[in-house]
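Spelled out, the chains give:
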Amino acid sequence: MSKPPMIRQRTCAAFIGVVAIVLVVTGADIALPPVAFADSLQTAQAQAKTIANQISSLDNQVQVYAEEYDQAQTKLGQLQSSVITTKRAIAAEQEHLKVLHAEVITEADTLFMQGGTNSNFVTLVQTNPDATALTQEEINTATDVQEQDVQQYQAAQQGLQQQEKELSTQNRQEATTVALLGTDRNRAQSAQAQAVSTLSQVNQQIQQLVYQQQQAVIQQREAQATAVLAAEQAQAAAQAQAAVGGSPPNATQPNPASTPSPTPAPSPNSATAVTAQAAQMALQIVNANDTTYVWGGAGQWENGVQIFDCSGLVMFIYAKLGVDFPHSAADQANDTTPVSYSQLQPGDLVFYDTEGATSIDHVAIYVGNGQVVEATNPGRPVSLDPITWSGTPVQFGAIN
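Residues numbered from 1 in each chain as written. Predicted model: local features only at pLDDT ≥ 70, side-chain atom pairs only at ≥ 80, totals over all residues. Heavy atoms only, no water.

Chemist: Sorry if this is basic, but what is going on with the overall build of the chain here?
Modeler: When helices and strands are counted, the chain shows six helices and nine strands. Here the chain holds 400 residues, and the buried ones make up 34% of them. The contacts in the chain between residues at least 6 apart in sequence include a share of 65% that link residues at least 24 apart. (Helix = DSSP H or I, 4+ residues; strand = E, 2+ residues; numbered from the N terminus. Buried < 20%, exposed > 50% of the residue type's maximum accessible area, 1.4 Å probe, protein only. Contact = heavy atoms within 4.5 Å.)

Chemist: How do you make sense of the pairing of strand S9 (residues 395–399) when you look at a structure like this?
Modeler: Each regular strand shows side chains that alternate between the opposite faces of the sheet. Counted residue by residue, S9 has four buried out of five residues, so it is predominantly covered. Looking at chain direction, strand S4 (residues 336–339) and S9 are connected through four bridges and run antiparallel. Considered in S9, the bridge of Thr337 is made with Ala398. (Pairing = 2+ DSSP bridges.)

Chemist: Where do I start with the nonpolar core in this structure?
Modeler: Within soluble globular proteins, side chains that are nonpolar generally end up buried alongside one another. Membership of the largest hydrophobic core comes to 30 residues, with the highest contact counts inside it found for Leu313, Ile317, Tyr318, Leu349 and Val382. Residue assignment for this core shows that the elements contributing at least two residues are helix H4 (271–288), helix H5 (310–319), helix H6 (329–334), strand S5 (349–352) and strand S6 (362–368). Here this core gets seven residues from one element, more than from any other, and that element is H4. Ranked by size, the runner-up nonpolar core spans 12 residues in total, among them Ile51, Ile55, Val202 and Ile206. (Core = buried A, V, L, I, M, F, W, Y, C linked by side-chain atoms within 4.5 Å.)

Chemist: In this structure, what is going on with the packing of H4 against H5? I would like to understand it.
Modeler: Look at H4 against H5: their axes get within 10 Å of each other, and the N-to-C directions meet at 120°. Relative to H5, the element H4 lies oblique. Crossing of H4 against H5: the hand is right-handed. Residues Val274, Thr275, Ala278, Met281, Ala282 and Ile285 of H4 lie in contact with H5, whose contacting residues are Leu313, Phe316, Ile317 and Tyr318. Grouping the constituent residues of the contact of H4 with H5 by class yields nine nonpolar, one polar and no charged. (Axes fitted to C-alpha atoms, helices over the stretch in contact; angles between N-to-C directions. Parallel < 35°, antiparallel > 145°, perpendicular 65-115°, else oblique. Left-handed = near helix turned anticlockwise from the far one by under 90°. Nonpolar A, V, L, I, M, F, W, Y, C, P; charged D, E, K, R; others polar.)

Chemist: Help me understand the sheet that holds S4, please; the structure alone is not making it clear to me.
Modeler: Across the sheet, which stays open at both edges, the six strands sit in the order S4-S9-S5-S6-S7-S8 with antiparallel pairing between neighbours. Of all strands in the sheet, those with a lone pairing partner are S4 and strand S8 (383–386), marking the two edges. In this sheet, adjacent strand axes meet at a mean angle of 40° when their direction is disregarded. Against the sheet, H5 contacts S5, S6, strand S7 (371–374) and S9, and its axis sits at roughly 50° relative to S6.

Chemist: What am I meant to see in unusual backbone geometry here?
Modeler: One can expect most non-glycine residues to show negative phi and most peptide bonds to be in trans. One non-glycine residue with positive phi stands out, namely Asn289, at about 60°. Taking the relative accessible area as the measure of exposure, Asn289 reaches 61% and is therefore exposed. Unlike most non-glycine residues, Asn303 shows phi in positive territory, near 55°. With relative accessibility at 82%, the residue Asn303 sits in the exposed group.

Chemist: How should I be thinking about the pattern of salt bridges in this particular structure?
Modeler: Pairing of side chains with opposite charge becomes possible as their charged atoms draw close. One pass over the structure, following the stated rule, counts four salt bridges. In this structure, Glu174 and Lys75 form a salt bridge, with 3.8 Å as the shortest nitrogen-oxygen distance. Here Glu174 is found in helix H3 (residues 129–243), whereas its partner Lys75 is found in helix H1 (residues 35–117), with 99 residues between them in sequence. Among the salt bridges present, the one from Lys87 reaches Glu164, with a minimum N-O distance of 4.0 Å. A residue pair is termed long-range when its members are at least 10 positions apart, and Lys87 in helix H1 and Glu164 in helix H3 qualify at 77 residues. Relative accessible area serves as the criterion here: at 43%, Lys87 is assigned to the partly exposed category. (Salt bridge = Lys/Arg side-chain N within 4 Å of Asp/Glu carboxyl O.)

Chemist: I tried to follow the sheet that holds strand S2 (residues 298–302) on my own but got confused; where do I start?
Modeler: Two pairing modes exist for strands in a sheet, parallel and antiparallel, and in both the strands are linked by backbone hydrogen bonds. One open sheet holds the three strands; their spatial order is S1-S3-S2, and the pairing between them is mixed. The open sheet has two free edges, formed respectively by strand S1 (291–293) and S2, since each of these has just one partner strand. Across the sheet, the axes of successive neighbouring strands diverge by a mean angle of 35°, strand direction being ignored. Two strands pair when backbone bridges link them, and S1 and strand S3 (residues 305–308) are joined in this way by three bridges, in the parallel orientation. Residue Tyr293 lies in a different strand from S3, and its bridge partner there is Phe308.

Chemist: What's the story with H4 in this structure? I'm lost.
Modeler: The end-to-end C-alpha distance of H4 is 26 Å, a good match for the 26 Å that 18 residues give at a rise of 1.5 Å each. Positive backbone phi, at 60°, marks Asn289, one or two positions downstream of H4. (Expected span 1.5 Å × (residues − 1).)

Chemist: Can you walk me through H5 in this structure?
Modeler: Structurally, the α-helix is built with 3.6 residues per turn, so residues lying three or four positions apart point the same way. Extensive coverage of H5 is indicated by the burial of eight of its 10 residues. Every buried residue of H5 is listed here: Cys310, Ser311, Gly312, Leu313, Val314, Phe316, Ile317 and Tyr318.

Chemist: Sorry if this is basic, but what is going on with the packing of aromatic side chains here?
Modeler: Within a pair of aromatic rings, the relevant descriptors are the distance that separates the centres and the angle that separates the planes. Per the counting criterion, the structure on display carries three aromatic pairs. For the ring pair Phe308 and Phe316, a centre distance of 5.3 Å and an interplane angle of 70° mean the geometry is edge-to-face. By the burial criterion, Phe308 is buried, and Phe316 matches it. With centroids separated by 5.5 Å and ring planes inclined at 80°, the aromatic side chains of Tyr318 and Phe325 adopt a geometry described as edge-to-face. With respect to class, Tyr318 is no different from Phe325; both count as buried. (Phe/Tyr/Trp six-rings, centres within 6.5 Å; stacked < 30°, edge-to-face > 60°.)

The following block contains the structure:
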């Protein structure tokens, strides 16, 4: 059973630290595409790297501003709490001061009234003048003590009012600081979001350039394969004519007797016919549009959808044509005959090492024109893709 292929489209990059996508075309046997592709790709990759560095720097700024903003908010909350506490203390002192004032006034009035009319006081004065002096001294002392209490509370009240004023000033200053830090934080976040958006656009450009580069490689390979096949056919024709003693291939009037017999069409049971049918069946499955990738799937139906994994798709199609394959991309590679890219025919198998572990872990069905039918990702139907969509092929196999 094939493992789910870890192909390029399944690889993702995440930010709140953002990482640039770097796409590279590999394959030692691939001829270099036009220089314009390479230059554009290198420029885009360099731009992506620069933007990624900017995003990392902006991310650091956002974190610093956010931390300072949180600290300022905390300090502002503490100051506001202190202002509220001080205002309550001032109000309490003011109420206490009112009580003291009332007590002093009441006591003074009482003493005055008693000193003028109280019979006990008059008697005391008449019988003991010293007692009268002592009593008056006590009265003065009591009044002085009350006045000192009043003065102390007034001083305390003034101190609280001064403290409230200072706290209010600090509160306004801290509120201004919080607002400025919030502006800086928002500006950095906005710049970061813009950089992330720009990086996404650049990465899409990189992917497009890579795709164009791959298509150029595929077209070049197809042209090379066509040229090789044409040369082989010309050589075979020349050898056939030489064997029967006919005219050389360039003769203007070839001898009909020396013309080789046409190659007979393959019988319906031949390997060529089977692979051609397999390619057609693969395309029909793509066009049905009722499939999805599920690891271990080999054509079963679940909830109205036919499920496949990569080797299960190959096994399903060839089983209907009388060819048994194991449910494993690596084993399927062992059960086919290796061929070169130029020898690849519709219906042959294309093998990949998507994880870079020097082992085959993905298989697709070649359908011609540099395209394959393959089952790749969970949630993705069986699809018609460029031959390099899942990476650079590592082996091609013809049906035995």
